[in-house]
Amino acid sequence: MILQTERLYLEILSEENASPDYDKWMNDYEITRYLESRWKYQTRDSVLDYIRYINKSDTDILFGMFLKENGRHIGNIKIGSINWLHRNADVGLLIGDRDAWGKGYGTDAIRLVTRYAFESLNLHKLIAGIYRGNEGSYKAFLKAGWSDVGIMKEHRFFEGKYVDEYLVEIISAAK
């Protein structure tokens, strides 16, 4: 399964298509500073184990983000913690390739997984939590049509202090 825009395509991340730099991304504090994965050192084996684990999951779907022009793996986006009864899930993303930062790829990927979640998975609602300070991610969700729900005060421990977390959501137009 491939989801695509003019510049980008999403494909289920596999051992074969994952960038050889994936483990380096996961150990680069500037890239992972707003991710919960920042707490653990990653090796090539541990990222491949994670990919295998997620691909066996009934409640998580991990897409790799690839540039159409050259097939380069630039990051990942996940629909996670899918609750099939309530038809909702979380979305999280990582753009590991610094050359791809600030170019709108996050917004494109969010739009693609949103459409996929609503049209193919029949989900009703998606949510995301974003550390205050991660303005690029926050703006990407809003540009993708998501709504600001509010702020959870001092919800995350970050760089020695508690910081707020933005909450965003989108609800399917189909009833």
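Before reading on, note that the structure itself is shown above.
A. Fine view of the overall build of the protein chain. Per the secondary structure count, the protein chain includes 5 helices and 8 strands. Secondary structure elements of the protein chain, listed N to C terminal, follow the sequence β-β-α-α-α-β-β-β-α-β-α-β-β. For the protein chain, with 175 residues in total, the buried portion stands at 46%. Long-range pairs, those at least 24 residues apart, make up 61% of the contacts in the protein chain between residues at least 6 apart in sequence.

B. Spotlight on helix H4 (residues 105–119). Taking 1.5 Å of rise per residue, 15 residues should cover 21 Å, and H4 covers 21 Å from first to last C-alpha, within 8% of that figure. A large share of H4 lies buried, amounting to 12 of its 15 residues. Among all positions in H4, only Tyr105, Gly106, Thr107, Asp108, Ala109, Ile110, Leu112, Val113, Thr114, Tyr116, Ala117 and Phe118 are buried.

C. Highlighting the pattern of salt bridges. Overall, the coordinates contain 11 salt bridges when judged by the stated rule. For Glu30, the salt bridge identified is with Arg98, shortest N-O distance 2.5 Å. In this pair, Glu30 sits in helix H2 (residues 29–32) while Arg98 sits in the loop between strand S5 (88–95) and H4, placing the two residues 68 residues apart along the sequence. Taking the shortest distance from any N to any O, the salt bridge between Asp164 and Lys153 comes out at 3.8 Å. Pair noted here: Asp164 is in strand S8 (residues 161–171) and Lys153 is in strand S7 (residues 147–158), with a separation of 11 residues, a long-range link. The buried category is assigned to Asp164, whose relative accessible area is 12%. A relative accessible area of 61% places Lys153 in the exposed class. Salt bridges sharing common partners tie together Glu15, Asp49 and Arg52.

D. Spatial organisation of the side chain of Asp23. Looking at the element boundaries, Asp23 is found in helix H1 (residues 22–26). Despite its burial, Asp23 remains without a salt bridge, the nearest opposite charge being carried by Arg44 at 4.3 Å. Excluding residues within four positions of it along the chain, Asp23 makes contact with Gln42, Thr43, Arg44 and Val47.

E. Spotlight on the packing of aromatic side chains. Under the counting rule described, the total for this entry stands at 7 aromatic pairs. Aromatic side chains Tyr9 and Phe66 sit 5.2 Å apart centroid to centroid with 20 degrees between the ring planes, which places their arrangement in the stacked category. Here the residue Tyr9 occupies a position in strand S2 (residues 8–12), and Phe66 occupies one in strand S3 (residues 61–67), the gap between them amounting to 57 residues. Given the relative accessible area of 18%, Tyr9 is considered buried. Each ring, one from Tyr138 and one from Tyr166, has its centre 4.0 Å from the other, and the planes form 20 degrees; the classification is stacked.

F. Quick peek at the side chain of Thr114. Within the secondary structure, Thr114 sits in helix H4. Classification of Thr114 as buried rests on a relative accessible area of 7%. Setting aside its immediate chain neighbours within four residues, Thr114 contacts Leu126, Trp146 and Ile170.

G. Inspection of the packing of H4 against helix H5 (residues 135–143) at higher detail. For the pair H4 and H5, the least separation of the axes is 8 Å and the interaxial angle reads 45 degrees. On the basis of the axis angle, H4 is oblique to H5. In this structure, H4 meets H5 at a crossing whose hand is right-handed. Of the residues in H5, those touching H4 at Gly106, Thr107, Ile110 and Arg111 are Ala140, Phe141 and Lys143.

H. Representation of the environment of Met1 in the model. The topology assignment puts Met1 in the segment before strand S1 (2–4). Here the alpha-carbon distance between Met1 and Ile12, two residues 11 residues apart in the chain, equals 7.1 Å. Other than its neighbours up to four places away in sequence, Met1 contacts Leu10, Glu11, Ile12, Phe63 and Tyr116.

What counts and what doesn't
- Residues numbered from 1 in each chain as written.
- Predicted model: local features only at pLDDT ≥ 70, side-chain atom pairs only at ≥ 80, totals over all residues.
- Heavy atoms only, no water.
- Helix = DSSP H or I, 4+ residues; strand = E, 2+ residues; numbered from the N terminus.
- Buried < 20%, exposed > 50% of the residue type's maximum accessible area, 1.4 Å probe, protein only.
- Contact = heavy atoms within 4.5 Å.
- Expected span 1.5 Å × (residues − 1).
- Salt bridge = Lys/Arg side-chain N within 4 Å of Asp/Glu carboxyl O.
- Lys, Arg positive; Asp, Glu negative; His and termini not counted.
- Phe/Tyr/Trp six-rings, centres within 6.5 Å; stacked < 30°, edge-to-face > 60°.
- Axes fitted to C-alpha atoms, helices over the stretch in contact; angles between N-to-C directions.
- Parallel < 35°, antiparallel > 145°, perpendicular 65-115°, else oblique.
- Left-handed = near helix turned anticlockwise from the far one by under 90°.

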